[in-house]
Amino acid sequence: GAGVSQTPSNKVTEKGKYVELRCDPISGHTALYWYRQSLGQGPEFLIYFQGTGAADDSGLPNDRFFAVRPEGSVSTLKIQRTERGDSAMYLCASSFSVNTGELFFGEGSRLTVL
Amino acid sequence: GEDVEQSLFLSVREGDSSVINCTYTDSSSTYLYWYKQEPGAGLQLLTYIFSNMDMKQDQRLTVLLNKKDKHLSLRIADTQTGDSAIYFCAEGNSGYALNFGKGTSLLVTP
């Protein structure tokens, strides 16, 4: 596609529910990243994939968060037993190369946990 | 993590130059970046500079890096109303786990 596509754009859920956020990267980009941006803050790194494998998941806040990229393209960020503190904008980005930080970001998925 | 600090707001008149400043603490940063975020749009990379450079110019944008003071600035010449956005400074040494500041909201008035 022309850019990084994220769905849904908005998700409202109740505390304790399970949520999946999807990211479709730019075609041909092998690296994919998830960031989280809380209101009034800059994006915070969560996890990075090179191909199908998670090369660095050190930014995931706890074991309720998990991400997959089974075929090296689309990725899904999964959040179990959501908490109100998980409310944020979840940003996905992709790139050709991991070396220079030239990340192409999607518009994000806004998650609200009531 | 390491800190990246930016002033939160800047207001300039159309046609003037804007200077957005950033300080960082990680002396091992290899790359330093400026990203732009407009309402309803994804973050967009404006420019980046390697830590072994002290200046980079790209059309209306000039990036200055003072590595000794860990200070980065972005100058936008002839600022236009379309430049109104949030500008994020970021640093990294891995190329993927970027450390962002909180962003500077730039308001350009006619």
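Placed above this text is the structure.
Residues numbered from 1 in each chain as written. Chains lettered and ligands numbered in written order. Predicted model: local features only at pLDDT ≥ 70, side-chain atom pairs only at ≥ 80, totals over all residues. Heavy atoms only, no water.

**Some details on the sheet that holds strand β1 (residues 5-7) of chain A**
Pairing between sheet strands relies on hydrogen bonds along the backbone, with the strands arranged either parallel or antiparallel.
All names here are of chain A.
Phase 1 of the analysis: Pairing in this open sheet of 4 strands is antiparallel, and the strands run β1-β3-β8-β7 from one edge to the other. Taken across any chain shown, the strands that pair with only one partner, and hence form the sheet edges, are β1 and β7 (65-68). Put simply, the sheet's adjacent strands are angled 15° from each other on average, direction ignored.
Phase 2 of the analysis: Sheet topology places β1 next to strand β3 (residues 19-24); 3 bridges connect them, and they run antiparallel. Pairing of T7 across the sheet is with R22, part of β3. (Pairing = 2+ DSSP bridges. Helix = DSSP H or I, 4+ residues; strand = E, 2+ residues; numbered from the N terminus. Axes fitted to C-alpha atoms, helices over the stretch in contact; angles between N-to-C directions.)

**A few points about the interface of chain A and chain B**
Phase 1 of the analysis: Opposite the 20 residues of chain A that make contact, chain B presents 19 residues.
Phase 2 of the analysis: For the pair chain A and chain B, the summed buried surface comes to about 1600 Å²; carbon and sulfur atoms form 54% of the total.
Phase 3 of the analysis: When residues of chain A are sorted by the area they lose upon contact with chain B, P43, T100 and F105 of chain A head the list and together hold 26% of the total.
Phase 4 of the analysis: Linking chain A with chain B are 0 salt bridges. (Contact = heavy atoms within 4.5 Å. Buried area = accessible area lost by both parts, 1.4 Å probe. Salt bridge = Lys/Arg side-chain N within 4 Å of Asp/Glu carboxyl O.)

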